[in-house]
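# Analysis of the macromolecular model
If you want the building blocks of each chain, they are given just below.
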Amino acid sequence: MKVLVINAGSSSLKYQIIDMDNEQMICKGLVENVGMKDSNLCHKVPGKKDVVVKKVISNHTEALQTVIDMVTDKEHGVISSVKEIGAVGHRVLHSGEDFNDSVLIDDEVIGICKKNSVLGPLHMPANIACIESCEEVMPGTPMVAVFDTGFHRTMPKHAFMYAIPYDDYENYKIRKYGFHGTSHKYVTGVAMDYLGTDKARIITCHLGNGSSISAVKDGKCIDTSMGLTPLEGVIMGTRSGDVDPAVVEFMAQCHNISVSEVLNILNKKSGFKGICDESDFRKVNELAAAGNEKAKLAVKMFAYRIRKYIGSYYVALGGVDCIVLTGGIGENSIQGRAAIMNGLEFLGIDFDYEKNNQFFTEPVVEVSKPGSKIKVLIIKTNEELVIARDAVRLTAK
Ligand code: AMP
């Protein structure tokens, strides 16, 4: 069966078609700058030249139609009609407390997603627009919602509750949810296969433009660094991660701006960007290597915060068998990985700095030395495959 995977961001739409008979990707692509003047689509088919279409794409409905036109295009497409698609898997940001697993989409599910839009006002409307457009373009094709929060639904209450008035949890569902669930789930599965056991204490570090860390016991998430929104946790490209909540009011007074304007700063102008004016980690490292003190500080702050999370999850898990590094930084940044591991020897990590010093193409690489008490694995994440697998699992029911 061929599965179309749709991953809509606030101004983007990523897609893949995966042949689930062999789990091979048939095509993938990205629509960027949806709703802006310079929107475009880049379509990739393995073994062929990339196709780029530049045109104004005003909203996610138009973006989805542009994707469908491309994948069924006579010259560049990979299917002759949408009828070849057996199921659609939609990445949906927020499950709220309504879903414990991915779910087959029907009108009731869409209604609940609309109600939960308040928990993800940037992403949820885009997710819902793509679901509704797919229903129009390919009526009758089963669709599955795979929630970014899904993997974290196993967190115990003492881990997901904030110590705010209990009524605010009951009335407004204010609590920690966690994100990047498909990535944490995928690398957990690969790590357990690699370790040859599903009884393992694993810390998964998804480190990219957005970053989050999870504590996973025997395949189930028991804690994660992101919270009600993806702002909490480690330091990211443009997000501050953890700050004293009182900073919000203080900044609002200092700059004479509103709470939403402060949150915009904490989401879009903080993190690496706030410290050294550069949000891309590769460029931050280049600046640091050239002697830029603020860039050096940004790398140190990033690594230090991650080490603190690893330390706290070591305690939460009662020891650790394996640490997984994934995401653009975890998979690719030699300097980033080394900076994080430097200082964790006392936990029983014998990190192989020499082996780390290269670019890997393999799906899993053990980058700790053979005798290391805690294994460190670099795993290439595959969020689309998790979504497609759930689409197959739920449509087969
Ligand atoms: P992601 O959001 O998972 O796509 O990750 C994006 C982040 O990974 C950006 O900060 C990139 O700078 C970083 N990244 C990607 N490739 C490399 C690389 N070769 N070296 C260092 N950082 C990288």
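Sequence positions are assigned chain by chain, starting from 1 and proceeding in written order. Only residues with pLDDT of at least 70 get local features here, since the model is predicted, and only at 80 or more are side-chain atom pairs given and counted; chain-wide, interface and lining totals rely on the full set of residues. In computing side-chain properties, one takes all heavy atoms of the structure into account and sets aside hydrogens as well as water.

### What to know about the overall build of the protein
- Each helix and strand in the protein was counted, giving 15 helices and 14 strands.
- Buried residues are those whose accessible area, probed at 1.4 Å on protein chains only, stays under 20% of the maximum for their type, while exposed residues exceed 50% and partly exposed ones sit between those limits. When each of the 397 residues of the protein is scored for burial, the buried share is 50%.
- The contact criterion used is simple: two residues touch if any of their non-hydrogen atoms lie within 4.5 Å. A sequence separation of at least 24 residues applies to 61% of the contacts in the protein between residues at least 6 apart.
- Using a 1.4 Å probe, accessible areas were evaluated by the Shrake-Rupley method; residue-level cover was limited to the displayed protein chains. Counting only carbon and sulfur atoms, one obtains 52% of the accessible surface of the protein, whose full area is about 18,400 Å².
- The sign given to each residue is positive for Lys and Arg and negative for Asp and Glu; His and the chain ends receive no count. Note on charges: their place is set at NZ of Lys, CZ of Arg, CG of Asp or CD of Glu. Within the protein, one finds 45 positive and 49 negative side-chain charges whose respective centroids are separated by 3 Å. Segments assigned H or I by DSSP are reported as helices when at least four residues long, segments assigned E as strands when at least two residues long, and all are numbered from the N terminus.

### Quick notes on the pattern of salt bridges
- A carboxyl oxygen of Asp or Glu within 4 Å of a side-chain nitrogen of Lys or Arg is what we treat as a salt bridge. Tallied over the full model, the rule gives 17 salt bridges.
- Among the salt bridges present, the one from Glu-293 reaches Lys-296, with a minimum N-O distance of 3.3 Å. With Glu-293 and Lys-296 both in helix α11 (residues 293-317) and three residues apart, this pair spans about one turn of that helix.
- In this structure, a network of salt bridges that share partners links the residues Asp-101, Lys-185, Asp-390 and Arg-393.

### Observations regarding the site of the ligand
- Around the ligand, the neighbouring residues are Gly-208, Asn-209, Asp-280, Phe-281, Arg-282, Gly-327, Gly-328, Ile-329, Asn-332 and Ser-333.
- Polar contact is defined as a pair of N or O atoms within 3.5 Å, subject to the rule that within protein one atom must be able to donate a hydrogen and the other to accept it, and that residues adjacent in sequence are counted only when both atoms are side-chain atoms. Contacts to the ligand include Asn-209, whose backbone N or O atom sits 2.9 Å from an oxygen atom.
- Gly-328 is positioned with one of its backbone polar atoms (N or O) 2.9 Å from an oxygen atom of the ligand.
- A total of 500 Å² of accessible area belongs to the ligand in isolation, and the protein chains cover 75% of it.
- At four residues, helix α12 (residues 327-332) tops the list of elements feeding residues into the shell around the ligand.
- Residue composition of the shell around the ligand, by class: two nonpolar, six polar and two charged. Being near a molecule or strand, for a residue, means having at least one of its heavy atoms within 4 Å of it. In the scheme used here, Gly and all other residues not listed as nonpolar or charged are polar, with Ala, Val, Leu, Ile, Met, Phe, Trp, Tyr, Cys and Pro taken as nonpolar and Asp, Glu, Lys and Arg as charged.

### Some details on the pairing of strand β14 (residues 375-379)
- For β14, the buried fraction is high: four of the five residues fall into the buried class.
- One ladder, built from four bridges, connects strand β12 (residues 322-326) with β14; its direction is parallel. In the strand pairing of β14, Ile-323 is matched with Val-376. At least two bridges found by DSSP between two strands are what make those strands a pair.

### Here we look at the state of the cysteines
- Disulfides are defined as cysteine sulfur pairs within 2.5 Å. The full count for this structure, using the stated rule, is zero disulfides.
- Here Cys-113 stays free of any disulfide, with the sulfur of Cys-130 as its closest cysteine sulfur at 12 Å.
- Its relative accessible area of 3% is what places Cys-113 among the buried residues.
- Here Cys-221 is not disulfide-linked; the sulfur of Cys-205 is the nearest cysteine sulfur, at 12 Å.

### Concerning the side chain of Ser-102
- Relative to the helices and strands, Ser-102 resides in the loop between β6 (85-92) and β7 (103-104).
- Residue Ser-102 is classed as buried on the basis of its relative accessible area, which comes to 10%.
- A polar side-chain atom of Ser-102 sits 2.5 Å from a polar atom in the side chain of Asp-390.

### Section: the sheet that holds strand β11 (residues 220-224)
- One open sheet holds the six strands; their spatial order is β11-β10-β9-β12-β14-β13, and the pairing between them is mixed. A strand with exactly one partner marks an edge of an open sheet, and here the two such strands are β11 and β13 (364-366). Pairs of neighbouring strands in the sheet enclose a mean axial angle of 25°, with direction left out of account.
- Inspection of the sheet shows strand β10 (residues 211-217) paired to β11 by four bridges, in the antiparallel sense. Each residue of the ladder has a partner; that of Val-216, found in β11, is Cys-221. Every axis corresponds to a line fitted to the C-alpha atoms, with the helix fit spanning only the stretch in contact, and the corresponding angles, defined between N-to-C directions, vary from 0 to 180 degrees.

### Topic: the sheet that holds strand β1 (residues 2-8)
- Here we have eight strands laid out as an open sheet, ordered β5-β4-β3-β2-β1-β6-β8-β7, and mixed in their pairing. If you trace the sheet from one side to the other, it starts and ends with β5 (51-54) and β7, each paired once.
- In this sheet, β6 lies alongside β1 in parallel orientation, the contact comprising six bridges. Each residue of the ladder has a partner; that of Val-5, found in β6, is Gly-89.

### Digging into the side chain of His-43
- Among the structural elements, His-43 can be located in strand β4 (residues 40-44).
- By relative accessible area, which is 1% here, His-43 ends up buried.
- Separated by 2.6 Å, the side chains of His-43 and Tyr-15 make a polar contact.
- For His-43, the residues in contact, after removing those within four places along its chain, are Tyr-15, Cys-27, Lys-28, Gly-29, Asp-50, Val-51, Met-70, Val-71 and His-76.

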